[in-house]
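# An overview of the molecular structure
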Amino acid sequence: MHILALPGDGIGPEITEATLAVLAAAEAAMGLGLTFEQRDIGLASLAAQGTTLPPEVMARIPQVDGVILGPVSHYDYPARAEGGINPSAELRVAFELYANIRPCRSRPELTVLRKPMDLVIVRENTEGFYADRSMFAGPGEFMPDPDSAFAMRKITAKACARVARVAFDLARGRRQKVTAVHKANVLKLTDGLFLREVRKVAEAYPDVTLDELIVDAAAAALIRSPERFDVVVTTNMFGDILSDEASELAGSLGLGGSINRGDDICVAQAQHGSAPDIAGRDVANPASLILSAAMLLDWRGRRDGDLRLIEAARRIETAVDQVLDMPAERTRDLGGPSGTAAFGQAVSRALA
């Protein structure tokens, strides 16, 4: 399995280095046949090549077996015409990475919840309210006058149906329940279409229970009764917000693994941002990207029928859990003294 690493901005290079070290340890322990290459994107490639996403990187992605994408500081990029392309959004749209899969599992001593959480949020990834991916040409936001701003929300039957199928497939291997989160009481047409397609898909999965919940209630239920959720499927913005909430409740946003997957391409990406205020200080928590890389191995293993990759993913997740169980090995955001590199080294030792 050949993996392309794109370190990105801010803490991206540090957590990517720690993640690659863990994958190298898994390779040494299990002989998986992992190989790696690394290319610059973001501010580094903007300075060197005049673009935050070089064309050769885009051309390379379909040729490799998986991608690790570090966080990017796209809010600091210049306009697109000046080379400022958001790599995260561009990859999702260009390669139809329609499902953003974010598991959230509470960990003892780290969670603020009174009841355990073990769920997966499946977020539609290519449309919705996100202005950089809802239009064929031009942005999804516009200002007809200096004091009025409008945003377009795009919801299609195709996108809703395919992300729903991912959610129901996941639920079949878990506790066989899908919760569709929506705001159809207000967004009657767009979320009405979303629910219509989810219900259609549900008919092909009689062994999976479908529940429906308004997003306001879902946000509260994540705190009050997280045990009611198994797999959550929702639209882009709702999924983005709820998955960050769930990860923080479960222990930390720094512990949330995440992949962006389509039918043939998968990109591992930490849930959190680039945190430029702590970049270069060796204090960032790399667990989110490490767990995302493990999810990438699992995705590839299931796609290709490679049980070694599936087992490697399981062992990396177990190693992260073992390290998190030791307060002396936790990073500072979790109340420990460990740095980015040291945390990665501890996970690597647990894999040996």
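The coordinates are above.
Residues numbered from 1 in each chain as written. Predicted model: local features only at pLDDT ≥ 70, side-chain atom pairs only at ≥ 80, totals over all residues. Heavy atoms only, no water.

## What to know about the overall build of the protein chain
- Per the secondary structure count, the protein chain includes eleven helices and twelve strands.
- Compactness check: the protein chain gives a C-alpha radius of gyration of 20 Å against a globular reference of 20 Å for 352 residues, within 12% of the reference.
- Dimensions of the protein chain, computed from C-alpha atoms along their principal axes, come out at roughly 50 × 50 × 40 Å.
- Residue pairs at least 24 apart in sequence account for 74% of intrachain contacts in the protein chain once pairs closer than 6 positions are excluded.
- Of the charged side chains in the protein chain, 38 are positive and 47 negative; the average position of the first set lies 6 Å away from that of the second. (Helix = DSSP H or I, 4+ residues; strand = E, 2+ residues; numbered from the N terminus. Rg over C-alpha atoms; globule rule 2.2 N^0.38 Å. Contact = heavy atoms within 4.5 Å. Lys, Arg positive; Asp, Glu negative; His and termini not counted. Charge placed at Lys NZ, Arg CZ, Asp CG, Glu CD.)

## Overview of a nonpolar patch on the surface
- The grouping of Met 135, Phe 142, Phe 150 and Met 152 at the surface amounts to a nonpolar patch, some 380 Å² of accessible area in total.
- Within the element layout of this structure, Phe 150 appears in strand E7 (residues 148-151).
- Under the relative-accessibility criterion, Phe 150 is labelled partly exposed at 43%. (Patch = residues over 30% accessible without salt bridge, like charges linked within 9 Å, V, L, I, M, F, W, Y side chains within 5 Å. Areas by Shrake-Rupley, 256 points an atom, 1.4 Å probe, with all protein chains shown as cover. Salt bridge = Lys/Arg side-chain N within 4 Å of Asp/Glu carboxyl O. Buried < 20%, exposed > 50% of the residue type's maximum accessible area, 1.4 Å probe, protein only.)

## What to know about the pairing of strand E5 (residues 118-124)
- Counting buried residues along E5, six of its seven residues qualify, which places the element largely inside the surrounding structure.
- Two elements, strand E4 (residues 99-105) and E5, share seven bridges in a ladder whose sense is antiparallel. Following the sheet pairing, Pro 103 is matched in E5 by Val 120. (Pairing = 2+ DSSP bridges.)

## A word on unusual backbone geometry
- The phi torsion at Glu 96 lies on the positive side, around 50°, for a residue other than glycine.
- Tracing the backbone shows Glu 96 in the loop between helix H4 (87-94) and E4.
- In this structure Glu 96 comes out as partly exposed when scored by relative accessible area, which is 40%.

## Describing the pattern of salt bridges
- Throughout the structure, instances matching the rule amount to 32 salt bridges.
- Its salt-bridge partner being Glu 197, residue Arg 196 comes within 2.8 Å of it at the nearest N-O pair.
- Taking relative accessible area as the criterion, Arg 196 reaches 43% and is therefore assigned partly exposed.
- By relative accessible area, which is 7% here, Glu 197 ends up buried.
- A salt bridge links Arg 302 to Asp 298; its shortest N-O distance comes to 2.9 Å. Here the residue Arg 302 and the residue Asp 298 both occupy positions in helix H9 (residues 287-304), the gap between them amounting to four residues, near one helical turn.

## A word on the packing of aromatic side chains
- Overall, the coordinates contain two aromatic pairs when judged by the stated rule.
- Seen from their ring centres, Phe 142 and Phe 150 are 5.5 Å apart, and the 15° between their planes marks the pair as stacked.
- Ring centres of Phe 168 and Tyr 205 lie 5.1 Å apart, and the angle between their planes is 35°; this geometry places the pair in the tilted category. Of this pair, Phe 168 sits in helix H5 (residues 157-172) while Tyr 205 is found in the loop between helix H6 (190-202) and strand E9 (209-214), placing the two residues 37 residues apart along the sequence. Each member of the pair, Phe 168 together with Tyr 205, is buried. (Phe/Tyr/Trp six-rings, centres within 6.5 Å; stacked < 30°, edge-to-face > 60°.)

## Brief notes about helix H10 (residues 307-324)
- Taking 1.5 Å of rise per residue, the 18 residues of H10 would be expected to cover 26 Å, and the 26 Å separating its terminal C-alpha atoms lies within 8% of that figure.
- Burial in H10 covers these residues: Leu 309, Ile 310, Ala 312, Ala 313, Ile 316, Ala 319, Val 320, Asp 321, Val 323 and Leu 324.
- The inward-facing, buried residues of H10 abut helix H1 (12-30), E4, H9 and helix H11 (340-351).
- Measuring from the side-chain oxygen of the N-cap residue of H10 to the backbone nitrogen of Arg 308 gives 3.0 Å; that N-cap residue is Asp 306. (Expected span 1.5 Å × (residues − 1). Polar contact = N/O pair within 3.5 Å; in protein donor to acceptor, adjacent residues only side chain to side chain.)

## What to know about the packing of H5 against H6
- Contact geometry of H5 with H6 gives a least axis separation of 8 Å together with a crossing angle of 45°. The angle between the axes of H5 and H6 places the two elements in the oblique class. Note on packing geometry: the crossing formed by H5 with H6 is right-handed. Here H5 contributes Ala 157, Cys 160, Ala 161, Ala 164, Arg 165 and Phe 168 to the contact with H6, which in turn contributes Leu 193, Phe 194, Arg 196, Glu 197, Val 198, Val 201 and Ala 202.
- A per-class count over the contact of H5 with H6 returns ten nonpolar, no polar and three charged. (Axes fitted to C-alpha atoms, helices over the stretch in contact; angles between N-to-C directions. Parallel < 35°, antiparallel > 145°, perpendicular 65-115°, else oblique. Left-handed = near helix turned anticlockwise from the far one by under 90°. Nonpolar A, V, L, I, M, F, W, Y, C, P; charged D, E, K, R; others polar.)

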